[in-house]
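Structure at a glance
Listed below, chain by chain, are the residues.
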Amino acid sequence: MGLMWWIREGGKAQNEWQKVTLSGTTMGTTYSVKYLMEQPQDFQPSIDSLLNDFNQCLSTYIPDSEISQFNKGVLHKFQRPYFYEMLTQSKTIYQKTHGAFDPTVMPLVAAWGFGAEATDLPSDKKVESILSAVGFENVFFDELAVCKVHQAAQLDFSAIAKGYAVDLVMQYLQQQDLNNIFVEIGGEISAVGVNELGKPWAIYIEKPEEQGREIQALVTLDDIAVATSGNYRNFYIKDGKKYAHTISPHTGYPVQHSLLSVSVFAKSCAKADAYATAFMVLGLEQALQITKADQELEAYFIYQKEDGQLASTATKGLLNAITE
């Protein structure tokens, strides 16, 4: 789930560089790219071409994409580098989060009605059956191909793909000798350098509320990526009960705990994206333990106290970057 944000802008420019702003659609959402140049150039055609190629590899909504071919078959030989890279990064984070981040959770997500097609709620027996196909041990891959160990296994990188696409766009723009860049896809963000005011890029994070848009905190982005996950808007109600869109790969059921939203900060937006999902599965206490063990991760948590009031906490590395 993407970060709910606004860019903080305004004031007078402190240099003569010009800001180029690009926007478009991709991956079922929107993107925004901003960068500074002395002589502005339009890199949108190249960015769109990159994102289209990326989608043709990893979009589960494109019937003939590489990942769709794998999900419908048994063995798939890679045609682009993205698939192998996503498997490699995902497996590492899967291991470090003890399976909380798991791209093989796709059949469970579909069973609970958060996939491409609506469905009735699954029975306990069906959940148990689906769980047998969930887990990285059910797929095998090397640099050339990926194959199914369990015939019902399926992959969906939606919890890391937007972040990885942000990294790819950022990498492309840096290869064009740009140093001041802001990239956002579906709310996942990476920023380097400064904005047109000569200051680090900054965003506002929303309060985790189902209705309305109120500011929770201001965050300064100093050569960092950020991704947010939360259940406060992506859910549905059936027979009077709310079902969150975050499905636990451990239990097979939607998560239920006090953590409402988490924003994860890392050098890689793909890493931030994946850990944000994992933390929503694990809850506040386990997520804090993981951030303490990984010096490359910082996180900002919004949770609900026992009395129903909202509260927040941040890792030490963010204390100077966040203003509430």
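Overview of the structure. (Residues numbered from 1 in each chain as written. Predicted model: local features only at pLDDT ≥ 70, side-chain atom pairs only at ≥ 80, totals over all residues. Heavy atoms only, no water.)

Our focus in this paragraph is the sheet that holds strand β14 (residues 259–266). Taken together, 8 strands build an open sheet; the order of strands is β2-β3-β7-β8-β11-β14-β15-β16 and the sheet is antiparallel. The two strands at the open ends of the sheet, each matched to only one other strand, are β2 (18–26) and β16 (310–314). Taking the axes of each pair of neighbouring strands and ignoring which way they run, one obtains an average angle of 10° across the sheet. Here helix α1 (residues 44–58) sits on the sheet and contacts β2, β3 (29–37) and β7 (181–185); the angle it forms with β2, its principal contact strand, is near 30°. In the packing of helix α6 (residues 161–175) onto the sheet, contacts are made with β3, β7 and β8 (188–192), and the angle to β7 comes to roughly 155°. (Pairing = 2+ DSSP bridges. Helix = DSSP H or I, 4+ residues; strand = E, 2+ residues; numbered from the N terminus. Axes fitted to C-alpha atoms, helices over the stretch in contact; angles between N-to-C directions. Contact = heavy atoms within 4.5 Å.)

A word on the nonpolar core. One finds Tyr35, Ile47, Phe83, Phe157, Leu173 and Phe279 to be the most contacted residues of the largest nonpolar core, which totals 71 residues. Tallying contributions element by element places helix α7 (residues 269–282) first for this core, with 11 residues. Within the second largest apolar cluster, 16 residues are counted, among which are Leu221, Val226, Phe265 and Tyr300. (Core = buried A, V, L, I, M, F, W, Y, C linked by side-chain atoms within 4.5 Å. Buried < 20%, exposed > 50% of the residue type's maximum accessible area, 1.4 Å probe, protein only.)

This paragraph deals with the packing of aromatic side chains. Within the structure shown, the criterion is met by 15 aromatic pairs. Through successive ring pairs, a cluster of aromatic residues spans Phe70, Phe78, Phe83, Tyr84, Tyr94, Phe136, Phe141 and Phe157. Over the ring of Phe70 we find Lys148; its NZ or CZ atom is 5.3 Å from the centre of that ring. (Phe/Tyr/Trp six-rings, centres within 6.5 Å; stacked < 30°, edge-to-face > 60°. Lys NZ or Arg CZ within 6 Å of the ring centre and 35° of its normal.)

Before going further, it helps to examine the pattern of salt bridges. Considering all chains together, one arrives at 5 salt bridges under this definition. Among the salt bridges present, the one from Asp53 reaches Arg80, with a minimum N-O distance of 2.7 Å. Taken together, the residues span a long stretch of sequence, with Asp53 in helix α1 and Arg80 in the loop between β4 (75–77) and α3 (81–96) at a distance of 27 residues. Accessibility expressed as a relative area gives 31% for Asp53, which makes it partly exposed. Note on Arg80: relative accessible area 18%, which makes it buried. Across the salt bridge formed by Lys271 and Asp294, the nearest N and O atoms sit 3.2 Å from each other. Taken together, the positions of Lys271 in helix α7 and Asp294 in the loop between α8 (284–293) and β15 (298–304) put the pair 23 residues apart, joining distant regions of the chain. (Salt bridge = Lys/Arg side-chain N within 4 Å of Asp/Glu carboxyl O.)

With that settled, the discussion passes to α1. Under the 1.5 Å per step criterion, the end-to-end length of α1 is 21 Å for 15 residues, consistent within 8% with the ideal 21 Å. Listing the buried residues of α1 in full gives Gln44, Ile47, Leu50, Leu51, Phe54, Asn55, Cys57 and Leu58. For α1, the angular spread of buried residues about the axis comes to 160°, placing them on one side. Residues Pro45 and Asn52 are exposed on α1 and point more than 90 degrees away from its buried face. Buried residues along α1 sit against β2, β3, α2 (66–72), α3, α6 and β7. (Expected span 1.5 Å × (residues − 1). Arc of directions from axis to C-beta.)

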